[in-house]
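Below are the chains, spelled out letter by letter.
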Amino acid sequence: MFLSRISTICLFMCVFTCMASAQYRSDGYSELYDSETVTAFKEHVGFLSSAALEGRKAGSAGEKEAAEYVYGCLKEYGVEMLCMQQGDAFGISRDGADTLTSRNVTGFVQGYDKDLRNRYIVVGARLDNLGVNGMTVDGRNVDQIYYGANGNASGLAMLLELARKVSTNSILFRRSVIFVAFGASSETFAGAWYFLNRSFSDVAAIDAMINLDMLGTGDNGFYAYTASNADLNRILSSVSAELQPVRPELVSYEPYPSDHRAFYSKEIPSVYFTTGQYPEHNTSRDTWSIVDFPMMERELEYIYNFTESLANTGLPLSFRPVETPQKGQTRDDVVAYYDCDQRPMFLNSSDPRQFLQRWVYQYLKYPPQAVKDGIQGRVMVDFIIDKDGNVTDVRVARGVDPLLDEEAVRVISASPKWRPGRVNGNKVRTSMTIPVEFMLEKKSEGKFGINGRVIGRNR
């Protein structure tokens, strides 16, 4: 009977162990504390480096499926797509072989500035990898998959989540931002070449390119390569001078050949963000398990801030060294907000959204006649913060209706003093442009808001 009881206990323990194993992951409770961004990174990299895609070789069904995934994510994030769901297909003729058909996935987020929204910043990431290598082991045919989790599912994931942030905050971007997943990158950067020479008709309007390739092993370092471009280095230094979760090391050597080279051939200034080479590079060991997702989240924050600064700079970006005015200066001695070493601050914050939330939307009055006529929209307002911190020269850059335009100018003109911007330690006159939203709120009579915030009252 004693042995019978022991057997019963053992059976119970086995059943309990199996149930526990099924209920809880072996990596513990860490995923319960993942941020939304880390969770998204894991989903993107998990899918793009899955065995089902068989290494995303250029021209393969796996690359096509990856392209469709990237298309779906970009569209869901509010990016306006410039291609079909299967991507923008192109062919590559190779000696002694059939034509290889690959594809780019392209979308864009419209900038707000009337003078710069037809200028572009291109953000690119390599779509394909090495695919499958057939080999014989002990007389058996075995497929060795090059999963490419870090190379370059990590860069694609970074592109997707960067697109989400840019789309969400599009009212802060003067230039338009184009997002491209480049197919057949392993075939001498064919996708980037096709984009620049065949599919995109306004290459002359591209001011700069950001390349995202191999960003998942940040414990080995985080690097930025610009081919020593002075304009890009200046913006990198400016962004790095601010409080950031992580800062890239600016390197003078190219960490690894990638799609930015095609843009160099067109003399387009380009920056390459990467965490560099790693032991598992171009092997079947490049799997989901080697990727440092929390570090990728910190890298994303920096790359987003850099993209915003790059898209908003008021200075020209040159591929070759040219003689330029003193740093940040324009002909009338007014410096653009994003070109200041120390940006103007409102209530101890250099984020323009602080001014909108703490001042503009607190004192904005929705004109009664505009309410009656159902007039709403976004008024773009230019103004200058002088060396004493006063708001001057307030004018409407792009209006909606005289009623709304006048109210936006009134509130901004009444602004308290700011802390003035500085260049090279000296106070400067700083130009800014902000969007003032007038949106009728249907939920509560007499209130008008955006994203749930009250921004004006019929008083």
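Above: the structure in question.
Below is a short write-up of the structure. (Residues numbered from 1 in each chain as written. Predicted model: local features only at pLDDT ≥ 70, side-chain atom pairs only at ≥ 80, totals over all residues. Heavy atoms only, no water.)

1. Things to note about the overall build of the chain
The helix and strand inventory of the chain stands at 11 helices and 18 strands. When the 459 residues of the chain are sorted by exposure, 51% land in the buried category. Within the chain, counting contacts between residues at least 6 apart in sequence, those at least 24 apart form 77% of the total. Working note: accessible area of the chain is about 22200 Å², and carbon and sulfur atoms make up 49% of it. (Helix = DSSP H or I, 4+ residues; strand = E, 2+ residues; numbered from the N terminus. Buried < 20%, exposed > 50% of the residue type's maximum accessible area, 1.4 Å probe, protein only. Contact = heavy atoms within 4.5 Å. Areas by Shrake-Rupley, 256 points an atom, 1.4 Å probe, with all protein chains shown as cover.)

2. Overview of the pattern of salt bridges
Across all of its chains, the model carries 16 salt bridges by this definition. The salt bridge partner of Arg410 is Glu407, with a shortest N-O separation of 2.6 Å. Remark: Glu407 and Arg410 occur in helix 11 (residues 402-413); sequence separation between them is 3 residues, near one turn of the helix. For Glu407, a relative accessible area of 10% gives the class buried. (Salt bridge = Lys/Arg side-chain N within 4 Å of Asp/Glu carboxyl O.)

3. A few points about helix 8 (residues 293-312)
With 20 residues, helix 8 extends 29 Å from end C-alpha to end C-alpha; this agrees with the ideal 28 Å at 1.5 Å per step. When you tally the buried positions in helix 8, you get 16 out of 20 residues, the bulk of the element. For helix 8, the N-terminal capping position is held by Asp292, with its side-chain oxygen 3.2 Å away from the main-chain nitrogen of Met295. (Expected span 1.5 Å × (residues − 1). Polar contact = N/O pair within 3.5 Å; in protein donor to acceptor, adjacent residues only side chain to side chain.)

4. Some details on the packing of helix 3 (residues 61-76) against helix 4 (residues 149-168)
Packing of helix 3 against helix 4 brings their axes to within 9 Å, and their N-to-C directions diverge by 20 degrees. Compared by their axis directions, helix 3 and helix 4 come out roughly parallel. Pair helix 3 / helix 4 crosses with right-handed handedness. Between helix 3 and helix 4, the contacting residues are Tyr69, Val70, Cys73 and Leu74 on the first element and Leu156, Leu159, Leu160 and Ala163 on the second. Among the residues forming the contact of helix 3 with helix 4, the class breakdown is 8 nonpolar, no polar and no charged. (Axes fitted to C-alpha atoms, helices over the stretch in contact; angles between N-to-C directions. Parallel < 35°, antiparallel > 145°, perpendicular 65-115°, else oblique. Left-handed = near helix turned anticlockwise from the far one by under 90°. Nonpolar A, V, L, I, M, F, W, Y, C, P; charged D, E, K, R; others polar.)

5. Focus on the pairing of strand 7 (residues 176-182)
Buried residues dominate strand 7, accounting for 7 of its 7 residues. Bridge count for strand 3 (residues 100-109) against strand 7 is 5 bridges, and the pairing is antiparallel. Its bridge partner lying in strand 7, Phe108 is registered against Ile178. Relative to strand 7, strand 4 (residues 120-126) is paired through 7 bridges, and the arrangement is parallel. From the neighbouring strand, Ile121 faces strand 7, where its bridge partner is Val177. (Pairing = 2+ DSSP bridges.)

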